[in-house]
Amino acid sequence: MALVDIPGSKSLTARALFLAAAADGVTTLVRPLRSDDTEGFAEGLARLGYRVGRTPDTWQVDGRPDGPPAGAADVYCRDGATTARFLPALAATGHGTYRFDASPQMRRRPLLPLTRALRDLGVDLRHEDREGHHPLTVRANGVEGGKVTLDAGQSSQYLTALLLLGPLTRTGLHIEVTDLVSAPYVGITLAMMRAFGVEVEREGDVFRVPPGGYRATTYPIEPDASTASYFFAAAAVTPGAEVTVPGLGEGALQGDLGFVEVLRRMGAEVTVAADRTTVRGTGTLRGLTVAMRDISDTMPTLAAIAPFADGPVRIEDVANTRVKECDRLEACAENLRRLGTDVATGPDWIEIRPGRPSGAEIRSHGDHRIVMSFAVTGLRTPGISFDDPGCVRKTFPGFHEAFAALRASFAARAADAPGGASGAVGAVGAVGAAGAAGASRAAGEEPGR
């Protein structure tokens with residue numbers, strides 16, 4: 001059995017940083033994710049005037065319920081969607097002028113439903129170039145509150161930004177949502193707001209957020225369920241292999257843990273305990289049709305292992321994956337075809353047929369999830385490499401080293417199994433060991449790291 005220590009959740013860390021900055025007092029975050037995205041969020045808070053203290057295992061944030069301490073700031077959001085979407089909402093609660101910009105990749109990603117809603121609430125927000133995209137400037141004078149309608153069909157982060165903003169308004173918010181994708185992420189937001197002292201009322205598509213602010217607390221960050229999906233998938237495609245992730249169990253906040261139920265339907269053995277989850281490969285991987293609207297960040301993980309199923313794998317209701325760091329649906333299709341796999345796509349679906357992938361260079365499109373997903377394919381397909389292996393620093397800087405260690409553990413288990421490396425299990429383990437060396441070389445070849 002491989003016991004895998006997954007870094008803290010990106011989604012929880014970003015929300016916790018917002019909540020800590022808005023709370024009255026000093027908040028301690030335990031085991032936050034340290035990655036390019038979350039460091040960018042913390043840097044953005046610092047530019048807005050908040051104090052963020054860091055130790056190896058904790059971050060401390062001095063909160064200020066009245067908005068950013070700085071009267072003016074220029075914030076660079078890097079590639080971080082949570083940074084680019086949450087911080088302008090936080091800035092609106094203050095008094096000053098705050099400019100936000102982002103990387104070319106993040107500049108391409110949509111923002112308009114959120115900025116329209118903020119304007120409807122009276123926020124003076126102006127886009128400098130393309131309407132609905134960074135860069136933008138907020139001339140803040142606090143937010144009164146009131147009723148607002150929001151289309152969250154592209155991203156649940158729009159709704160999360162407004163929910164987080166609600167307690168900082170003078171009269172609270174009444175939010176009516178006309179469409180919602182990735183609904184479990186909203187559940188995360190509501191649970192975390194509750195931990196910081198705010199209870200949101202929900203009736204169907206209407207959310208009522210009371211005014212009154214947040215209280216500081218000590219908040220532990222659970223492991224990232226989206227990141228765990230690569231390690232669970234690695235076990236599922238490796239007969240006899242077993243992966244356990246501590247800290248993700250029955251009480252986990254993150255909906256992406258639901259990915260293990262997809263693996264269970266495909267034939268893997270899955271055990272979800274109170275404080276951990278285990279996946280074991282059985283040698284069976286069945287084809288299936290699955291809607292992944294609510295766990296769409298794990299769509300690339302499933303696409304990357306789909307060729308090893310015994311029948312077609314059809315993933316539906318994932319139109320929102322086209323407006324992530326890249327068009328993930330097409331990026332998965334392109335790379336699977338590069339590996340020799342038969343793939344078809346539609347506006348919101350992808351279907352992958354069984355095959356025997358052959359090695360090729362994976363085009364990452366600068367997207368960490370494409371690289372991490374196809375690293376799993378590399379367990380069964382020698383010769384896979386990546387054009388930009390280092391883009392994993394966005395959420396998991398140590399991914400290649402951790403995955404290489406997992407591959408090595410699989411190889412060692414296979415060598416100790418009856419028949420040694422000559423059996424089918426051993427062959428997969430041997431491929432894994434070769435892939436580990438390749439991943440390490442690829443990570444080492446990235447310029448500028």
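Residues numbered from 1 in each chain as written. Predicted model: local features only at pLDDT ≥ 70, side-chain atom pairs only at ≥ 80, totals over all residues. Heavy atoms only, no water.

Q: Break down the sheet that holds strand β22 (residues 350-352) for me, with residues and values.
A: Spatially, β19-β20-β22-β21 is the arrangement adopted by the four strands of the open sheet, whose pairing is mixed. Two strands bound the open sheet, and with one partner strand each, they are β19 (288-291) and β21 (343-345). In this sheet, neighbouring strand axes are inclined to one another by 10° on average, regardless of whether the strands run parallel or antiparallel. Here strand β20 (residues 313-316) runs beside β22; their pairing, made up of three bridges, is antiparallel. In the strand pairing of β22, Val-313 is matched with Ile-352. Packing of helix α9 (residues 259-266) onto the sheet brings it into contact with β19 and β20, and relative to β19 it is tilted by some 165°. Sitting on the sheet, helix α11 (residues 328-338) touches β21 and β22, and the angle it makes with β21 is about 160°. (Pairing = 2+ DSSP bridges. Helix = DSSP H or I, 4+ residues; strand = E, 2+ residues; numbered from the N terminus. Axes fitted to C-alpha atoms, helices over the stretch in contact; angles between N-to-C directions. Contact = heavy atoms within 4.5 Å.)

Q: Hey, could you go over the packing of helix α6 (residues 157-165) against helix α7 (residues 183-195) for me, with residue numbers and the actual values?
A: The interhelical angle for the contact between α6 and α7, taken along N-to-C directions, is 15°, at an axis separation of 9 Å. When the axis of α6 is compared with that of α7, the two are roughly parallel. The two elements α6 and α7 meet at a crossing, and its hand is right-handed. Contacts between α6 and α7 involve Leu-159, Thr-160, Leu-163 and Leu-164 on the former and, on the latter, Tyr-185, Val-186, Thr-189, Leu-190 and Met-193. (Parallel < 35°, antiparallel > 145°, perpendicular 65-115°, else oblique. Left-handed = near helix turned anticlockwise from the far one by under 90°.)

Q: I'd love a proper account of the packing of aromatic side chains, names of residues and values included.
A: The final tally for this structure, using the stated rule, is eight aromatic pairs. A network of ring pairs unites the aromatic residues Tyr-230, Phe-231, Phe-396, Phe-399 and Phe-403 as a single cluster. For the cation-ring pair, Arg-54 lies above Trp-59, with the distance from its terminal atom to the ring centre recorded as 5.4 Å. Residue placement shows Arg-314 over the ring face of Trp-349; its charged tip is 4.1 Å from the ring centre. (Phe/Tyr/Trp six-rings, centres within 6.5 Å; stacked < 30°, edge-to-face > 60°. Lys NZ or Arg CZ within 6 Å of the ring centre and 35° of its normal.)

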